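These are the residues of each chain, in order.
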Amino acid sequence: HLFGCALAASSAFEGLEANATSKLKDLCLWRNSLGSAGVRSLSRLLSTNVSLRKLDLWANQLGAEGIDALSAGLETNTVLEELRIGRNDIGSDGVRSLARCLKVNLTLR
């Protein structure tokens, strides 16, 4: 759990991206203010990651733009089962992005 660690958006996921086959199964990033820039980096990781099963992005200021970027990575992800995105003010545009993503991602429940 990396709760409130003020992770820098540009470097938060560099180590994980370098090793997309990491054995990390559960990642909790509550209240890190990742915003859309940070989640774009995470989305790239999700598109190739083969181990992460649970991802908690509660209160990260993602907004609709961040959810749109996240959805792009989730469309090709085949292992993530649980995604928590509460307190991110995604609005109706974000909900539509997720709905489109869920049409192709069959592992999220």
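Residues numbered from 1 in each chain as written. Predicted model: local features only at pLDDT ≥ 70, side-chain atom pairs only at ≥ 80, totals over all residues. Heavy atoms only, no water.

Caption draft 1: Here's a closer look at the overall build of the protein chain. Looking only at helices and strands, the protein chain features four helices and three strands. For the protein chain, the sequential pattern of α-helices and β-strands runs α-β-α-β-α-β-α. Looking at the protein chain as a whole, 43% of its 109 residues are labelled buried. Sequence separation of 24 or more characterises 86% of the internal contacts of the protein chain that already satisfy a separation of 6 or more. (Helix = DSSP H or I, 4+ residues; strand = E, 2+ residues; numbered from the N terminus. Buried < 20%, exposed > 50% of the residue type's maximum accessible area, 1.4 Å probe, protein only. Contact = heavy atoms within 4.5 Å.)

Caption draft 2: Representation of the confidence of the model for the protein chain in the model. When pLDDT is averaged across the protein chain, the result is 87; 83% of the residues are at 70 or more. Ranking the elements of the protein chain by mean pLDDT puts helix α1 (residues 14-18) last with 59 and strand β3 (residues 82-84) first with 98. (pLDDT = per-residue confidence, 0-100.)

Caption draft 3: How the structure looks around unusual backbone geometry. Even without being glycine, S33 reaches a positive phi, approximately 50°. Relative to the assigned elements, S33 resides in the loop between β1 (26-28) and α2 (35-48). Owing to a relative accessible area of 44%, S33 belongs among the partly exposed residues under this scheme. Within the chain, Q61 stands out as a residue other than glycine whose phi angle is a positive 55°. Secondary-structure assignment places Q61 in the loop between β2 (54-56) and α3 (63-74). Taking the relative accessible area as the measure of exposure, Q61 reaches 58% and is therefore exposed.

Caption draft 4: Representation of the pattern of salt bridges within the structure. Evaluated as defined, the whole model comprises five salt bridges. R100 serves as the salt-bridge partner of D68, at 3.9 Å between the closest nitrogen and oxygen. One end of the pair, D68, is in helix α3; the other, R100, is in helix α4 (residues 91-104), and 32 residues separate them in sequence. One salt bridge in this structure joins R96 and D93, with 2.4 Å as the shortest N-O distance. With a gap of three residues between them, R96 and D93 both fall in helix α4, about one helical turn apart. (Salt bridge = Lys/Arg side-chain N within 4 Å of Asp/Glu carboxyl O.)

Caption draft 5: Seen up close, α2. For α2, built from 14 residues, the straight-helix expectation of 20 Å at 1.5 Å per residue is met to within 8% by its first-to-last C-alpha distance of 21 Å. Every buried residue of α2 is listed here: G35, S36, G38, V39, S41, L42, S43, L45 and L46. (Expected span 1.5 Å × (residues − 1).)

Caption draft 6: Main features of the nonpolar core. L42, L55, L57 and L70 are the most contacted members of the largest nonpolar core, which totals 21 residues. Every element with two or more residues in this core is listed here: α2, α3 and α4. The contacts of L57, once residues within four sequence positions are left out, are L29, L34, V39, L42, L62, L70, L83, R84, G86 and N88. (Core = buried A, V, L, I, M, F, W, Y, C linked by side-chain atoms within 4.5 Å.)

Caption draft 7: Region of the structure containing α4. Here α4 has its buried residues at G94, S97, L98 and C101. Across the axial projection of α4, the buried residues extend over an arc of 95°, all falling on one side. Summarising the contacts, the buried residues of α4 are in contact with α3. (Arc of directions from axis to C-beta.)

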